[in-house]
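Topology and contacts: notes
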Amino acid sequence: MKLAMIGFGQAGGKILDRFLEYDSSRGTGIIGHAIAVNSAKADLMGLDYVPNENRVLIGQSVVKGHGAGTEPDLGEKCAREDLEEIQSAIDKMVSSEIDAFLIIAGLGGGTGSGGSPILADHLQRLYVEPIYGLGILPSRDEGGIYNRNAARSFQSFAESVDNLLVFDNDAFKTGGESIGEGYAEINDEIITRFGALFSAGEVEALGDNVAESVVDASEIINTLGEHGITSIGYASEPVDPGGGNSGLLDRLRGGSKDENGFSTAGDATNRITSLVRKATLGKLTLQCEVDSTERALLLVSGPPDALNRKGIDKARKWLEDQTSCMEVRAGDYPLPNEKKVAAIVVLAGVTDVPRVKDMQRMAIEAEERSEELRSQSKDNLEDLIQYGDDEE
Ligand code: GDP
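Residues numbered from 1 in each chain as written. Predicted model: local features only at pLDDT ≥ 70, side-chain atom pairs only at ≥ 80, totals over all residues. Heavy atoms only, no water.

A few points about the overall build of the protein
- Each helix and strand in the protein was counted, giving 14 helices and ten strands.
- Per-residue burial over the protein gives 54% buried out of 392 residues.
- Nonlocal contacts in the protein, meaning residues at least 24 apart in sequence, comprise 79% of its contacts between residues at least 6 apart.
- Total accessible area on the protein stands at roughly 17500 Å², and carbon and sulfur atoms take up 48% of it. (Helix = DSSP H or I, 4+ residues; strand = E, 2+ residues; numbered from the N terminus. Buried < 20%, exposed > 50% of the residue type's maximum accessible area, 1.4 Å probe, protein only. Contact = heavy atoms within 4.5 Å. Areas by Shrake-Rupley, 256 points an atom, 1.4 Å probe, with all protein chains shown as cover.)

A word on helix 12 (residues 268-281)
- Its 14 residues give helix 12 an end-to-end C-alpha distance of 20 Å, which sits within 8% of 20 Å, the value for a rise of 1.5 Å per residue.
- When we look at burial in helix 12, the residues that qualify are Ala268, Thr269, Arg271, Ile272, Thr273, Ser274, Leu275, Val276, Ala279 and Thr280.
- Those residues of helix 12 that are buried lie in contact with strand 7 (229-238), strand 8 (295-302), helix 13 (309-323) and strand 10 (340-348). (Expected span 1.5 Å × (residues − 1).)

Notes on the pairing of strand 7
- Taking burial as the measure, the ten residues of strand 7 include eight buried ones, the bulk of the element.
- In terms of strand pairing, strand 6 (residues 163-168) meets strand 7 through two bridges, oriented parallel. The partner of Leu164 across the bridge, within strand 7, is Ile229.
- As judged from the nine bridges shared by strand 7 and strand 10, these two strands associate in the antiparallel manner. Following the sheet pairing, Glu237 is matched in strand 10 by Val341. (Pairing = 2+ DSSP bridges.)

Some thoughts on the pairing of strand 8
- With eight of its eight residues buried, strand 8 lies for the most part within the structure.
- Side chains of strand 8 alternate between two faces, with Arg295, Leu297, Leu299 and Ser301 and Ala296, Leu298, Val300 and Gly302 buried alike.
- Across eight bridges, strand 8 lies against strand 9 (residues 327-334) in parallel orientation. Of the residues in strand 9, the one forming a bridge with Leu298 is Ala330.
- For the crossover that starts at strand 8, traverses helix 13 and ends in the parallel strand 9, the hand is right-handed.
- For strand 8 and strand 10, the ladder comprises seven bridges, and the chain directions are antiparallel. Across the sheet, residue Ser301 finds its bridge partner in strand 10, namely Ala342. (Right-handed = clockwise from strand over helix to strand, strands pointing away.)

What about the sheet that holds strand 5 (residues 131-137)?
- Pairing within the open sheet is mixed, and its ten strands lie in the order 3-2-1-4-5-6-7-10-8-9. Taken across any chain shown, the strands that pair with only one partner, and hence form the sheet edges, are strand 3 (55-57) and strand 9. Neighbour-to-neighbour, the strand axes of the sheet open up by a mean angle of 20 degrees, direction not taken into account.
- Examined bridge by bridge, strand 2 (residues 31-38) and strand 3 share three bridges and lie parallel to one another. By the bridge assignment for strand 3, Ala36 is matched with Arg55.
- Where helix 12 meets the sheet, it contacts strand 7, strand 8 and strand 10, and its direction lies at approximately 45 degrees from that of strand 10. (Axes fitted to C-alpha atoms, helices over the stretch in contact; angles between N-to-C directions.)

A short note on the layout of surface pockets
- If you add up the space inside the largest pocket, you get close to 530 Å³.
- Surrounding the largest pocket, 32 residues form its lining, Gln10, Ala11, Gly106, Gly109 and Tyr183 being those nearest its centre.
- Those elements that place two or more of their residues in the lining of the largest pocket are helix 1 (9-26), helix 6 (111-126), strand 5 and helix 9 (179-200).
- By residue number, the principal contributor to the lining of the largest pocket is helix 1, which donates six residues.
- Of the residues in the lining of the largest pocket, the class split is twelve nonpolar, 17 polar and three charged. (1 Å grid on protein atoms, 1.4 Å probe; cavity = no way out; pocket = protein on both sides within 12 Å on 5 of 7 lines; lining within 4 Å. Points joined across faces, edges and corners; volume = space filled by probe spheres on them. Nonpolar A, V, L, I, M, F, W, Y, C, P; charged D, E, K, R; others polar.)

Observations regarding the site of the ligand
- Lining the immediate surroundings of the ligand are 19 residues, of which Ala11, Lys14, Gly112, Glu142 and Asn187 lie closest.
- Measuring from an oxygen atom of the ligand, one finds a side-chain N or O atom of Gln10 at 2.8 Å.
- With respect to the ligand, the side chain of Glu142 contributes an N or O atom lying 2.4 Å from an oxygen atom.
- Comparing atom positions with the cavity grids shows the ligand to sit within the largest pocket.
- Looking at side-chain class alone, the shell around the ligand contains seven nonpolar, ten polar and two charged residues. (Near = heavy atom within 4 Å. Polar contact = N/O pair within 3.5 Å; in protein donor to acceptor, adjacent residues only side chain to side chain. Sits in = over half its atoms within 2 Å of the grid points.)

With respect to the UniProt feature "binding site: GTP" (unreviewed entry) in the protein
- Those residues carrying the UniProt feature "binding site: GTP" (unreviewed entry) are Gln10, Ala11, Gly12, Gly13, Lys14, Gly110, Thr111, Gly112, Glu142, Asn169 and Asn187 in this numbering. Checked against the lining of the largest pocket, the annotated residues reduce to Gln10, Ala11, Gly12, Lys14, Gly110, Thr111, Gly112, Glu142, Asn169 and Asn187.
- As for its placement among the helices and strands, Lys14 is situated in helix 1.
- Residues contacting Lys14, with those up to four places away along its chain left out, are Leu47, Tyr183 and Asn187.
- Within the secondary structure layout, Glu142 lies in the loop between strand 5 and helix 7 (144-160).
- Residue Glu142 is classed as partly exposed on the basis of its relative accessible area of 22%. (UniProt positions renumbered as here; feature names shortened; annotations may be inferred.)

Encoded structure:
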């Protein structure tokens, strides 16, 4: 599917940059137009792939190019002030080519957190195409302020977009490293999952390799619906491209087994069902109860030899049972020179999400704590003034 992508704030810009790199190196054609919006000049200058003319500096009269820090109210103000500037950059796109908009933002900071819901509202008024958000949640150890910002923005962003696709940094930090060092790896994970999803809908890139059951942009749009939260599962396994489902030696040996006891070399059907289980029951971009899903989509990509309809049908039935929803779409995406088979599971309209409740709890605690600090410092200041008076 072809998207107009808008990276809002620092995280949004960096992730957009990575999407552009992915798109140009793989020739997927998923990006129809790319714009980076920020109130911090230095962040915009640090991007590598977004064309200079599509980098929009907002809120100069408010923050003088220095960014909105951790103040979403400032981010919101900057966005409102310069909506026209953003719109002029969007106007450069060929709108007939675009299937949907995607606004990408880290929800814990200031610019993206405060600005993206404002932009989403604005685009909803102007375009018939769906407006999606890709919202990045802060890790828990970033602390109360970031989680408070994210809790607020999560609510307003979810209300202003047709679907909020969520990625939780907290679930993807790797042991020991600081979150800053880990961003490159985390961003790779984001691009792998969302890049694979959006490429699947971009059927023109397939050429002669027509999939048995194609998933096109409209199936992705129907799955995401017009309201709700989405989480994505992903699992992949290396294969020998063009080597069929197994090598001769592997077949003679009876194939090796993975940790679930399925044959990794012997059987395309088993591999597909095993990968779909791993994708659904493993790490999701937003941890949630799978049976609270409203609509689901399952995609399997890989070399044509490793894909088959039976595997996808079996996996779809299994996913129907797990999600207990009636609307489960499925399809494959053949990639002739690919060295892995990958399963992507889209869980749309999820409602049982413990992480969101946790974030809201952290937000309330942060609010109470800052209220306490405010009244303490007011008392302290009064004491100080009083003390000063007494001294004279
Ligand atoms: P803004 O520029 O004011 O919108 O704020 P930032 O985008 O710098 O930060 C907001 C939040 O985004 C942070 O609290 C982090 O959780 C997250 N973040 C920042 N940079 C990255 C990044 O490169 N990748 C990911 N996944 N998250 C990031």
